[in-house]
Every structure is written in C-alpha cells, then in structure tokens.
Amino acid sequence: MNQELKILIQAQYPLIYLVTSEEERAEQAISTIAQSELKPQRRVFVWTVTHGIVEYGQPRNVTQHNTVSPEAAIEWIIRQKEPSIFILKDLHPFIDAPATNRSLRDAIASFKGTHKNIILMSPMQQVPIELEKEVVVIDFTLPDMAELNKVLTQHVDQNRGRRLTTEAREKLLRAALGLTKDEAEKVYRKAQVTTGRLTEDEVDIVLSEKKQLIRRNGILEYIEEDETIDAVGGLEELKRWLKQRSNAFTERAREYGLPQPKGMLILGVPGCGKSLIAKTTSRLWGLPLLRLDMGRVYDGSMVGRSEANLRNALKTAESISPAILFIDELDKSFAGSGGSSDSDGGTSSRIFGSFLTWMQDKKSPVFVMATANRVERLPGEFLRKGRFDEIFFVDLPTPEERQDIFNIHLTKRREDISRFDLEQLAKMSDGFSGAEIEQAIVAAMYEAFAQDREFTQLDIIAALKATLPLSRTMQEQVTALRDWARQRARPAASSVAEYQRMEF
Ligand SMILES: Nc1ncnc2c1ncn2[C@@H]1O[C@H](COP(=O)(O)OP(=O)(O)OP(=O)(O)O)[C@@H](O)[C@H]1O
Ligand SMILES: [Mg+2]
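Residues numbered from 1 in each chain as written. Chains lettered and ligands numbered in written order. Predicted model: local features only at pLDDT ≥ 70, side-chain atom pairs only at ≥ 80, totals over all residues. Heavy atoms only, no water.

Enquirer: Can you help me understand the site of ligand 1 in this one?
Expert: Not every one of the 18 residues close to ligand 1 is listed here, only the nearest: Gly-271, Lys-274, Ser-275, Asn-373 and Glu-438. Gly-271 has a polar backbone atom sitting 2.7 Å from an oxygen atom of ligand 1. Ser-275 is positioned with one of its side-chain polar atoms (N or O) 2.7 Å from an oxygen atom of ligand 1. When ligand 1 is considered free in solution it has 630 Å² of accessible area, and contact with the protein chains removes 81% of it. Among the secondary structure elements, those contributing two or more residues to the shell around ligand 1 are α11 (274–285), α16 (399–413) and α18 (434–450). For the shell around ligand 1, a count of residues per class yields eight nonpolar, seven polar and three charged. If you count residues domain by domain, the shell around ligand 1 takes at least three from each of domain 3 (229–394) and domain 4 (399–430 + 434–468). (Near = heavy atom within 4 Å. Polar contact = N/O pair within 3.5 Å; in protein donor to acceptor, adjacent residues only side chain to side chain. Areas by Shrake-Rupley, 256 points an atom, 1.4 Å probe, with all protein chains shown as cover. Helix = DSSP H or I, 4+ residues; strand = E, 2+ residues; numbered from the N terminus. Nonpolar A, V, L, I, M, F, W, Y, C, P; charged D, E, K, R; others polar. Domains from an automatic or database assignment.)

Enquirer: Could you clarify how one ought to interpret unusual backbone geometry in this entry?
Expert: Apart from glycine, the bulk of residues carry a negative phi angle, and the bulk of peptide bonds sit in the trans form. Look at the link from Lys-39 to Pro-40: it is a cis peptide, with omega at -5°. Turning to its location among the elements, Pro-40 is positioned in the loop between α2 (23–37) and β2 (43–48). Note that the residue after Ser-321, namely Pro-322, is joined by a cis bond; omega there is 5°. Take Pro-322: it is sitting in the loop between α13 (305–320) and β10 (323–327). Not every positive phi belongs to a glycine, and Asp-90 is a case in point at roughly 50°. Checked against the element boundaries, Asp-90 lands in the loop between β4 (84–89) and α4 (98–110). Relative accessible area serves as the criterion here: at 30%, Asp-90 is assigned to the partly exposed category. (Buried < 20%, exposed > 50% of the residue type's maximum accessible area, 1.4 Å probe, protein only.)

Enquirer: Looking at this structure, I do not really get the packing of α18 against helix α19 (residues 457–466). What am I missing?
Expert: The description of two helices packed together rests on the angle between their axes and the distance between the axes. Contact geometry of α18 with α19 gives a least axis separation of 8 Å together with a crossing angle of 120°. Overall, the two elements α18 and α19 adopt an arrangement that is oblique. The crossing of α18 and α19 is right-handed. Touching Ala-440, Ala-443, Ala-444, Glu-447 and Ala-448 of α18 are Asp-459, Ile-460, Ala-463 and Leu-464, all from α19. Residues that form the contact of α18 with α19 fall into these classes: seven nonpolar, no polar and two charged. (Axes fitted to C-alpha atoms, helices over the stretch in contact; angles between N-to-C directions. Parallel < 35°, antiparallel > 145°, perpendicular 65-115°, else oblique. Left-handed = near helix turned anticlockwise from the far one by under 90°. Contact = heavy atoms within 4.5 Å.)

Enquirer: I would appreciate a short explanation of the nonpolar core in the present structure.
Expert: Across soluble globular proteins, nonpolar side chains have a tendency to be buried as a group. With 66 residues, the main nonpolar core has Leu-238, Leu-292 and Phe-355 as its most contacted residues. Among all residues touching Phe-355, those that are not within four sequence positions of it are Leu-292, Leu-310, Leu-314, Ile-327, Phe-334, Val-368 and Phe-382. Judged by nonpolar contacts, the second largest core, of 23 residues, contains Tyr-17, Val-19, Ile-74 and Ile-108. (Core = buried A, V, L, I, M, F, W, Y, C linked by side-chain atoms within 4.5 Å.)

Enquirer: Looking at this model, I keep getting lost on the sheet that holds strand β6 (residues 135–139). Mind explaining?
Expert: Through backbone hydrogen bonds, the strands of a sheet pair up, either in parallel or in antiparallel fashion. The mixed open sheet is built from six strands, whose spatial order is β3-β2-β4-β5-β1-β6. In this open sheet, the two strands that pair with only one neighbour each are β3 (52–55) and β6. Taken pair by pair, the neighbouring strands of this sheet meet at an average axis angle of 25°, ignoring direction. Relative to strand β5 (residues 116–122), strand β1 (residues 15–19) runs parallel, the two being bridged by five bridges. The partner of Leu-15 across the bridge, within β5, is Ile-118. (Pairing = 2+ DSSP bridges.)

Enquirer: Even after reading the chapter, I still don't get helix α15 (residues 347–361), so can you show me in this structure?
Expert: Between its first and last C-alpha atoms α15 spans 21 Å; for 15 residues at 1.5 Å apiece the expected length is 21 Å, and the two agree. All buried positions along α15 are accounted for by Thr-347, Ser-348, Ile-351, Phe-352, Phe-355, Leu-356, Trp-358 and Met-359. The buried residues of α15 occupy an angular sector of 165° when the element is viewed end-on, so they sit on one face. As for α15, its buried residues are in contact with β9 (289–292), α12 (294–297), α13, β10 and β11 (366–372). (Expected span 1.5 Å × (residues − 1). Arc of directions from axis to C-beta.)

Enquirer: Would you mind going over the packing of aromatic side chains with me for this structure?
Expert: Each aromatic ring pair is summarised here by two numbers: the centre-to-centre distance and the angle between the ring planes. For the coordinates displayed, the defined rule picks out 13 aromatic pairs. Each ring, one from Trp-76 and one from Phe-86, has its centre 6.4 Å from the other, and the planes form 90°; the classification is edge-to-face. Pair noted here: Trp-76 is in helix α3 (residues 70–79) and Phe-86 is in strand β4, with a separation of ten residues, a long-range link. Note on Trp-76: relative accessible area 9%, which makes it buried. Considering the side-chain rings of Phe-249 and Phe-367, the 6.3 Å spacing of their centres and the 80° angle between planes classify their relative orientation as edge-to-face. In this pair, Phe-249 sits in the loop between α9 (236–244) and α10 (251–256) while Phe-367 sits in strand β11, placing the two residues 118 residues apart along the sequence. A single burial state applies to Phe-249 and to Phe-367, both of which are buried. A cation sits over an aromatic face here: Arg-245 above Trp-241, 3.8 Å from the ring centre. A cation over an aromatic ring shows up here: Arg-419 above the ring of Phe-455, its NZ or CZ 5.4 Å from the ring centre. (Phe/Tyr/Trp six-rings, centres within 6.5 Å; stacked < 30°, edge-to-face > 60°. Lys NZ or Arg CZ within 6 Å of the ring centre and 35° of its normal.)

Next up, the structure:
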C-alpha cells in the first residue's frame, strides 16, 4: 500500500503533493511509513492554519510556538535538524502568496542532504508555476481489499454480527471497492440498519449505496443498461470483436499471456448505434459501466479544480476495476485542446495531457470506450496507433443491416411482425440511420394510433418518405467522415464493399 509515497520519501523528494480527501487515513499511513519502514526513522509533524505545527499523535494544544502563519511554519521547518516529515494540510489557499511560495522554495533548497520532506496534503491539486518543477503530485490510493477487510471486521465485531463466510466477506469487500474508508463504513452501516444484519444478502445494498455515492460525486455516472448486444442491428465486425473479448479481463487470459485490453474508439455517423453498443458491452462483458462526463470535469471556479476532478474520477474507476470507462462524444470533450490559442488558461490541454498520460500508463483493467463523430475535432494523439486497441468506424447501415434494425425495433413493439416486408422497408430507407429508422416506426405508430387502428407497412413507408435523413442534410460532413475513416479505421459492419458502393 502506498508504495509510491514510501519510495518518494525514501528517495529524498523534498516536496510531495498528496491529493486526498482522506486526511486521517493518509496521516496514519505516513506515520506508519515514517516510524517503521524508513531508516532513519522520521518524526512526523502536521501543520494546519488553525493550530500551527503539532507533532503527530500529540494533543492539538501542544503546538510549536508561533507557527500558525504559513511562512512562520516553514521557517520553523527549515530550522529543524532531525529526520522528519512535515505534513502541511490545506496549504493550497496560501500557496500563491509570494512569501509562502518563496519560503517553500527556500525550504526545498535547504533540505539537500537531510532526511526531511514536506508533504502538501489537500483534497485538490493546486500547484503554482514556480513550484511545478520541484513538486511531485501523487494520489493517495483508495483502500484496497486488505484495508476494507479491517473496516468490515471492525464493523462486524462492533455489531456482534455473525461470522462471515469467506465468500460473503469477499463479496462485501469487492462491493465496497472504490469507496473511501469513511464511505465504506457508512455503506456497511447502512446495509446493517436496513435489514438488521450484514451477510451475503446485503451485497446489493452495499452496491446500490456505492452507486449513489459515485453519482453524488457528479463526474462519474454508473450506467445500467437493460438492452443486450442483440438489440444492436448490424455492426457484425464490431460485435464479433467485442464478443471475442468477453473474457479478456479474467485471470485465465493473463495466464494465457494476453495483454489487458486498453480501449476502443468508435467513430461514426450520428444515430447509428455507437452509444448503444458501448452501453451494451457492459452486459456482454459483465463489467460495470462508468460514464465519465467530461463536461463536468471542467470547473473554472478554481485553478487545479478540473485536474483534481479528473484524477478523482479516474482513481474511482481504477478502484472499481475491472470496469468500462465510457466517454461518450470524446470529440466534444477534448475539442480545441490541441490548439495553440488557449482560451481557458490551458486547462483543457492540461486535462487532455493528464488523460493521455493516464491512458498510457494505466495498469489497472479499466477499458476505455470512447465514441466520437467529428474526427477533425479530435486531437491527433488519440488516433495514433497503439493508443486504443482498435478504432472502429460505424457507417450508415447497409440494406441487410437496415433489415436487421427494422426487425429489432418492430419486434420490440409487436409480437408478430410477419405482416411487415422487411426487405422492402430496407430498400425504402436508403441513407437512414438506425435512430431515424426507429423514429420512422414511432411516427407510423402515432399516425395509426391517432386514427385508432393498427399501424402497417404503408404507415412506415409514408413516414420514411416524409423524412429527410441526416445523411442527406449533412451530406458533406458524412462524406468527409467516410473518406477519412475508410483509410484509418476498421469498418464495424462486415461488408465493407457495401458502403463504398453507396452514393447519395
Ligand atoms: N444499429 C442499430 N441497431 C438498433 N438500433 C439502433 C442502431 N443504431 C441506432 N439505433 C437506435 O437509435 C438510438 C440512438 O442511437 P445511438 O445513441 O447509439 O447513436 P450514436 O451513434 O451514439 O449517435 P450520436 O453520434 O448522435 O451520439 C439507439 O438507442 C437505438 O434505439
Ligand atoms: Mg452517441
């Protein structure tokens, strides 16, 4: 646990920025490292703006004289001779002040050859440019199974609960992965209060509480999709690719020597099932689907806020892994981040940079599933080989695919669809997207319903005729996308020849 932190301290990194909202747990971990894992042992001091510097473990009133102001505290730190770790909590509101900033840099310079480190601990990352080169930023990891096990054991003991079987215990622990220690305590308590006990049967309560907590953080969203992959018409190649990887996140796949799948990008024409297939993959693979809302990552209220948001979201996704991280409309999320004119002080290109680095380095089984329909808006780095395992292009459906889509959507609405001639419908809907086909069916149903009768083939044909599909109104864009994708992406449909032949 927190191996990285230990290594940084040991390697004499003078200034470490630890991003966490779990102060207590982090302090405990640092004190454990300081007192039992390092040679020489370090003393641990904690600074807060309310109490100044207090040695870890001492009562708050045993404060070092005159150390409340950040500069005074740092002066005091510079004067210390003994091997020590100094935790400065929530320094971020002061860190931009010239005096604080300068004294931090003085401290760093004075640390050479000593066993002293400063750890800036804060729930958000905010590093002034002057310090960017001196500081390493790391995240404090969320509790792992072993730590959660302690929380659970304590909970069971306190409530004099029945002993849990190994399986039940493991399920309860796994269900709480991704939560902080406090949150885990809370969900176990909630489950206990709800049914008066905590057993394997309460796993669902823990899971649903976790979903709530994740929702509340507002950036990740837990998506539950009822549809299976069979609700997607056509796209046979893409579906085959996905089915082939159903067990890609198992232990067995690792033993076999397969690499962990990293992610895929689905490019394509609007309304052709990109989002739908991404969502149904979660059921196909049996993995939770977490939607990352990039719009909510951006937060201009404070410098560093957006970065912190992204880090938190990725951290949560990693701790729930194996999981699918779904980024819908990637082109909208990262639009403009490649440009040189930074209208937002460089935030979007920094976010983009952190995201790419994360994708590059990630070891945890988080599969990134991204969709986009405007390639020209995507920063080129995303499209480079090796970033994603595969880039698929979802084109307008071929006649066979359209039959399939009609079949799916009609079957969804009526038990017997033998009265429909699917082949004719497919022929009449040239240039229609899946979404437009669905809309035509719904329009036909409205028409018939208003006349108090059952809808027919003719109603659908009339609806098709009354619609001008997007592929015609936005012909240029669609053509440009196709031309681009033909050379660079893998077609999601099986018959490539078909769309190459199609003309408007
Ligand atoms: N291939 C398909 N098979 C079945 N239904 C489809 C298909 N394509 C689209 N649909 C229907 O249209 C709806 C919208 O499709 P979806 O949101 O997946 O499109 P999209 O490709 O993500 O479009 P956009 O680029 O606008 O986000 C789906 O929920 C589904 O009902
Ligand atoms: Mg979509």
